[in-house]
2 protein chains.
Amino acid sequence: ATAELAAVSTEYAQLIGTYFSPHIRAAAFRRLPEECWAPLVLGPVHDYARRWLNGQVKTDIGAYAEVFADAAWNTVRNPDAR
Amino acid sequence: ATAELAAVSTEYAQLIGTYFSPHIRAAAFRRLPEECWAPLVLGPVHDYARRWLNGQVKTDIGAYAEVFADAAWNTVRNPDAR
């Protein structure tokens with residue numbers, strides 16, 4: 001199962017890379033340290049999901065899809081790009 | 001220890017409340033669902049810290065203090081406020 005998970009993870013990373021490359025070349029994104037990228041984009045939704053599993057928040061995360069998507073976009077978008 | 005932790009947590013929440021109330025009244029912040037606030041602000045740094053403890057990232061989080069602070073501010077600030 002570990003090997004399968006690693007394979008899925010690698011494939012996922014390649015998919016993400018392929019998806020984002022043209023946007024990165026087009027300077028759509030803010031310059032951010034590579035190590036901060038995943039925490040900034042995924043941290044909030046993972047944190048929400050963890051709180052939901054703990055019963056600390058009640059609302060289905062789907063209700064906040066736009067909130068989290070907008071926040072992620074505000075965080076990573078290049079403010080000088082159109 | 002659980003009671004002590006709860007007391008610290010309550011005191012911390014009151015401190016945060018006192019600190020933020022005037023800013024909230026001054027409409028400095030975006031309107032966000034209350035349940036999303038902590039995940040949006042704390043999620044990224046907690047995620048980074050978790051990755052650091054796992055050895056997935058190497059840089060001391062202090063080096064990224066401004067990156068995470070700027071991201072949090074971009075996420076919560078009211079874009080229409082001065």
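Because the structure is a prediction, the values reported are computed rather than measured.

Engineer: I would appreciate a short explanation of the packing of aromatic side chains in the present structure.
Structural biologist: Each aromatic ring pair is characterised by the separation of its centres together with the angle its planes make. Counted according to the given criterion, the structure contains 14 aromatic pairs over all chains. An aromatic cluster of at least three residues, connected via ring pairs, comprises Tyr-19, Phe-20, Phe-29, Trp-37 and Trp-73 of chain A.

Engineer: Sorry if this is basic, but what is going on with the relation of the copies chain B and chain A here?
Structural biologist: Each of the two chain copies can be brought onto the other by rotation about an axis and movement along it. Once chain B has been moved 0.0 Å along the axis and rotated by 180°, it coincides with chain A to within an RMSD of 0.0 Å. Interpreted geometrically, this transformation is the action of a two-fold axis. Closest to the rotation axis within chain B is the C-alpha of Gly-43 of chain B, separated from it by 2.2 Å. The fraction of interface residues of chain B whose copies in chain A are also interface residues reaches 100%, indicating that both copies meet through the same surface.

Engineer: Please clarify how the interface of chain B and chain A should be interpreted in this entry.
Structural biologist: It is common to give the size of an interface as the accessible area that goes away when the parts come together. Counting residues at the interface gives 25 residues for chain B, matched by 25 residues for chain A. Between chain B and chain A lies a buried interface of about 2,000 Å² when both sides are counted; carbon and sulfur atoms form 64% of it. Its largest share of buried area at the contact with chain A, chain B owes to Glu-35, Pro-39 and Leu-40 of chain B, together 26% of the area lost on that side. Connecting chain B to chain A are 0 salt bridges. Counting every contact that joins chain B to chain A gives 9 residue pairs in polar contact (both at pLDDT 80 or more). Elements with a contribution of two residues or more to the side of chain B that touches chain A: helix 2 (34-53) and helix 3 (65-76) of chain B. Here the side of chain B that touches chain A gets 13 residues from one element, more than from any other, and that element is helix 2 of chain B. Grouping the amino acids of the side of chain B that touches chain A by side-chain chemistry returns 14 nonpolar, 5 polar and 6 charged.

What counts and how
- Residues numbered from 1 in each chain as written.
- Chains lettered and ligands numbered in written order.
- Predicted model: local features only at pLDDT ≥ 70, side-chain atom pairs only at ≥ 80, totals over all residues.
- Heavy atoms only, no water.
- Phe/Tyr/Trp six-rings, centres within 6.5 Å; stacked < 30°, edge-to-face > 60°.
- Least-squares fit on C-alpha atoms with pLDDT ≥ 70 in both.
- Contact = heavy atoms within 4.5 Å.
- Buried area = accessible area lost by both parts, 1.4 Å probe.
- Salt bridge = Lys/Arg side-chain N within 4 Å of Asp/Glu carboxyl O.
- Polar contact = N/O pair within 3.5 Å; in protein donor to acceptor, adjacent residues only side chain to side chain.
- Helix = DSSP H or I, 4+ residues; strand = E, 2+ residues; numbered from the N terminus.
- Nonpolar A, V, L, I, M, F, W, Y, C, P; charged D, E, K, R; others polar.

None of this, on its own, says anything about what the molecule does.
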